[in-house]
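Report on the structure
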Amino acid sequence: MKLGYARVSTDDQSLDLQLDALRDCDVIYQDIASGAKEDRLELTAMLKAARAGDTIIVWKLDRLARSIRQLIDIVERLREKEVEFCSLQESIDTSTPGGELVFHIFGALAQFEREMIRERTMAGLAAARARGRYGGRPKLLTKKDVKVVKAMLTTHSVTAVAEHFGVNRSTIYRNLQQ
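Here the residue index of a chain counts from 1 through its sequence in written order. Thresholds applied to this predicted model are a pLDDT of at least 70 for local features of residues and 80 or more for the giving and counting of side-chain atom pairs; totals over whole chains, interfaces and linings are not thresholded and use all residues. Excluded from the side-chain calculations are hydrogens and water; all other atoms, namely the structure's heavy atoms, are used.

A tally of helices and strands in the protein chain yields 8 helices and 5 strands. Counting from the N terminus, the helices are the DSSP runs of H or I reaching at least four residues and the strands are the DSSP runs of E reaching at least two. For the protein chain, the sequential pattern of α-helices and β-strands runs β-α-β-α-β-α-α-β-β-α-α-α-α. Here the radius of gyration uses the C-alpha set of atoms, whereas the globule reference equals 2.2 Å times the residue count to the power 0.38. Against the compact-globule benchmark of 16 Å for 178 residues, the protein chain has a radius of gyration of 27 Å, which places it well outside the compact range. The dimensions of the protein chain, computed from C-alpha atoms along their principal axes, are 80 × 35 × 30 Å. Expressed as a percentage of the 178 residues in the protein chain, the buried residues total 32%. The long-range share in the protein chain, meaning contacts at least 24 apart out of those at least 6 apart in sequence, stands at 60%. Looking at the protein chain as shown, the accessible area adds up to about 11500 Å², and 53% of this sits on carbon and sulfur atoms. Exposure classes here rest on a 1.4 Å probe applied to the protein chains alone. A residue is buried below 20% of its type maximum, exposed above 50%, and partly exposed in between. Residues are treated as being in contact if the distance between any of their heavy atoms lies within 4.5 Å. Per-residue accessibility takes into account occlusion by the displayed protein chains alone, with areas from the Shrake-Rupley method and a 1.4 Å probe.

What follows concerns the environment of L22. When you line up the elements, L22 lands in the loop between helix 1 (16-21) and strand 2 (27-32). The buried category is assigned to L22, whose relative accessible area is 0%. For L22, the residues in contact, after removing those within four places along its chain, are G4, Y5, A6, I28, I57, V58, W59 and L88.

Let us now look at the packing of helix 7 (residues 158-165) against helix 8 (residues 169-177). Under this scheme, a helix contributes an axis fitted over its contacting stretch, all axes are lines through C-alpha atoms, and angles between N-to-C directions fall in the 0 to 180 degree range. The contact between helix 7 and helix 8 brings their axes to 8 Å, and the two run at 95°. The angle between the axes of helix 7 and helix 8 places the two elements in the roughly perpendicular class. Of helix 8, the residues touching helix 7 (which contributes V158, T159, V161 and A162) are R169, I172 and Y173. Throughout, the term roughly parallel applies to angles under 35 degrees, roughly antiparallel to angles over 145, roughly perpendicular to angles from 65 to 115, and oblique to all others.

Let us look at a nonpolar patch on the surface. Each patch is built from salt-bridge-free residues with over 30% relative accessible area, joining like charges within 9 Å and nonpolar side chains (Val, Leu, Ile, Met, Phe, Trp, Tyr) within 5 Å. Should a side-chain nitrogen of Lys or Arg be within 4 Å of a carboxyl oxygen of Asp or Glu, the pair is scored as a salt bridge. Nonpolar side chains collect at one region of the surface, where L101, I105 and L109 lie side by side and expose about 270 Å² of accessible area between them. On the secondary structure map, L109 appears in helix 5 (residues 97-130).

Looking now at helix 2 (residues 41-49). Where helix 2 is concerned, the buried positions are L43, M46 and L47. Projection of helix 2 onto a plane perpendicular to its axis shows the buried side chains occupying an angular sector of 95°, all on one side. Along helix 2, exposed side chains directed more than 90 degrees from the buried face belong to L41 and K48. Looking at the buried residues of helix 2, the elements they touch are strand 1 (2-8), strand 2, strand 3 (55-58), helix 3 (61-64) and helix 4 (68-80). Here the arc refers to the set of directions running from the helix axis out to each C-beta atom.

Structure (structure tokens):
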């Protein structure tokens, strides 16, 4: 079965061009929603309805997804269900060797992008540590520390107590509430 998917972002836009291109589909799902939204009602319905051997057809790739990552995630879900994917404008058809190649290239690019983001994140964390800044969950104080905090608060400010223990004021308050 051929399942078509058409999407526009606003009510002011027309689906006509896409619907004309998808006229050979058995069923056409239509959304009026931003492509950035992942919880599009008709897209979700189409993905649930798709069965092994079906083909999902879109007029252009950007009608299905806004990013390569989102596109690859959707196509991977389709592949797991043994559903083919076809984009008319880009002439991509995962039932052909050429279409499959294109998606492997997209996958490699997405993996490369994830690794680059990871690398930049790690470099940023290392630079922050070099400046004495550490991330992670706020430090919790021991029971003994909390007793000392309570005693210190009778004569010192919360800011002074927090500095003494090397924590933020919010950590002092959080530990006092527990």
